[in-house]
Amino acid sequence: MLIECLTGRNPRILTENWAQAKIYHGVFTGIEEMFIAGKESHPDFVADAPIEAAKFLQYHYKAEKNSPDRLKKDDIILCQWVCNLTNKGWDNILQANSDNLIDWGNSVLSSIDKVAYGDKEKNIVNMTIYNASLAKKGGLKSAMGNLFESLLLYSGLSVCGLRFAKAEDFSSAKWPCFTLDVNERRQVDAQIKTNLRQPGKINIDIGFIGKGNPEIIADKTQRFANAAGSSKKPLHNTIIIVSAIPETEEAQLVVRQATMLGAQVITMSGKNWVHVLGKVLKSTGIQGLADIPENINQAREQLNETLPAPEEIIQSIPKNLSVPEHWNS
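What you are looking at is a predicted structure, and each value in this text was computed from that prediction instead of being measured.

A. How the structure looks around the pattern of salt bridges. The final tally for this structure, using the stated rule, is seven salt bridges. Residue Arg12 pairs with Glu16 through a salt bridge whose shortest N-O separation is 3.2 Å. Highlighted residues: Arg12 and Glu16, both in helix H2 (residues 12-41), separated by four residues, approximately one helical turn. Overall, the relative accessible area of 27% leaves Glu16 in the partly exposed class. Two residues, Asp113 and Lys120, come together in a salt bridge whose shortest N-O distance is 3.4 Å. Judged by its relative accessible area of 31%, Lys120 falls in the partly exposed class.

Structure (structure tokens):
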């Protein structure tokens, strides 16, 4: 999987169907079973659910720390879904103000009563599942992005010939190396120590973006520039890796601006981008780097021989991952 993603495959092709099979359907079925069980003990359980969920949330937020009205985290999330909220909705719609909850619950029921199709109870169940889907998809997208960013940086920089150094050993290392998750005026996803006089360090940021949000590139560019100061080309020793660059005029302008400021922008999707990364690193003069073939099939053959073992990758990246038990069976 890593070899394919280092040479152009989109990781989300691998995660979306896994998520719907392993996560989404279990959550949706659980919600339906909850409503069925609730109605067996209380005929109006489904019809009253949005306002009751809003009440439970209000009790929770107004209760003292050790009060029995305080809800567990999972129950807070479930109550939010039932009354047409997510964490973002709680913050952005209700301004995280518990005094708004009862009016909100009543407005949810009022809006459902006015729906021209389907029956009330089915629409309440559908609304809850819809909010669960929003929350789970958003959470999974963020989690998978964070996971793949570290996996791909560690793997890509390793096959390019750089050694990994833990954060505490990075500054004293006597050879070209890289580390992950650096906080130095601003957070960067990876930093390379070149053992050259100039550049001494190279900053790397990586991100997964879609066609509609080229502002992520602009944000990374601006934050790097601010951290670097006001030199003529403040991003001269910066590499920005993104999943895709939209063909829009706005996106292309952002990339040109980043390039004018000295940054190298590398696209992952559909590209043998680890080859490009290797070329960019070699152009700085770093010694001992590997030559990654430009041909994708040849590159994949080489990566199959040089990529660190999966166990080593998992144990090295600073994400508190563990090797699955079935790998050892």
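B. Spotlight on the packing of aromatic side chains. Evaluated as defined, the whole model comprises seven aromatic pairs. In textbook terms, an aromatic cluster arises when at least three aromatic residues are bridged by ring pairs, as seen for Tyr154, Phe164 and Phe178. One residue, Arg163, lies across the ring of Trp175, its end atom 4.2 Å from the ring centre.

C. Spatial organisation of the side chain of His275. With respect to the helices and strands, the residue His275 is situated in helix H11 (residues 273-283). With sequence-adjacent residues up to four places away left out, His275 is seen in contact with Ile292, Pro293 and Glu294.

D. Highlighting the pairing of strand E5 (residues 238-242). Counting buried positions along E5 yields five of five residues, so the element is predominantly enclosed. Along E5, one buried face is formed by Thr238, Ile240 and Val242 and the opposite face, lined by Ile239 and Ile241, is buried too. Bridge analysis of strand E4 (residues 201-207) against E5 gives five bridges, and the strand direction is parallel. Paired with Ile206 across the bridge in E5 is Ile241. As defined by bridge partners, E5 adjoins strand E6 (residues 264-267) across four bridges and the pair is classed as parallel. Across the sheet, residue Ile240 finds its bridge partner in E6, namely Val265.

The rules behind each value
Residues numbered from 1 in each chain as written. Predicted model: local features only at pLDDT ≥ 70, side-chain atom pairs only at ≥ 80, totals over all residues. Heavy atoms only, no water. Salt bridge = Lys/Arg side-chain N within 4 Å of Asp/Glu carboxyl O. Helix = DSSP H or I, 4+ residues; strand = E, 2+ residues; numbered from the N terminus. Buried < 20%, exposed > 50% of the residue type's maximum accessible area, 1.4 Å probe, protein only. Phe/Tyr/Trp six-rings, centres within 6.5 Å; stacked < 30°, edge-to-face > 60°. Lys NZ or Arg CZ within 6 Å of the ring centre and 35° of its normal. Contact = heavy atoms within 4.5 Å. Pairing = 2+ DSSP bridges.

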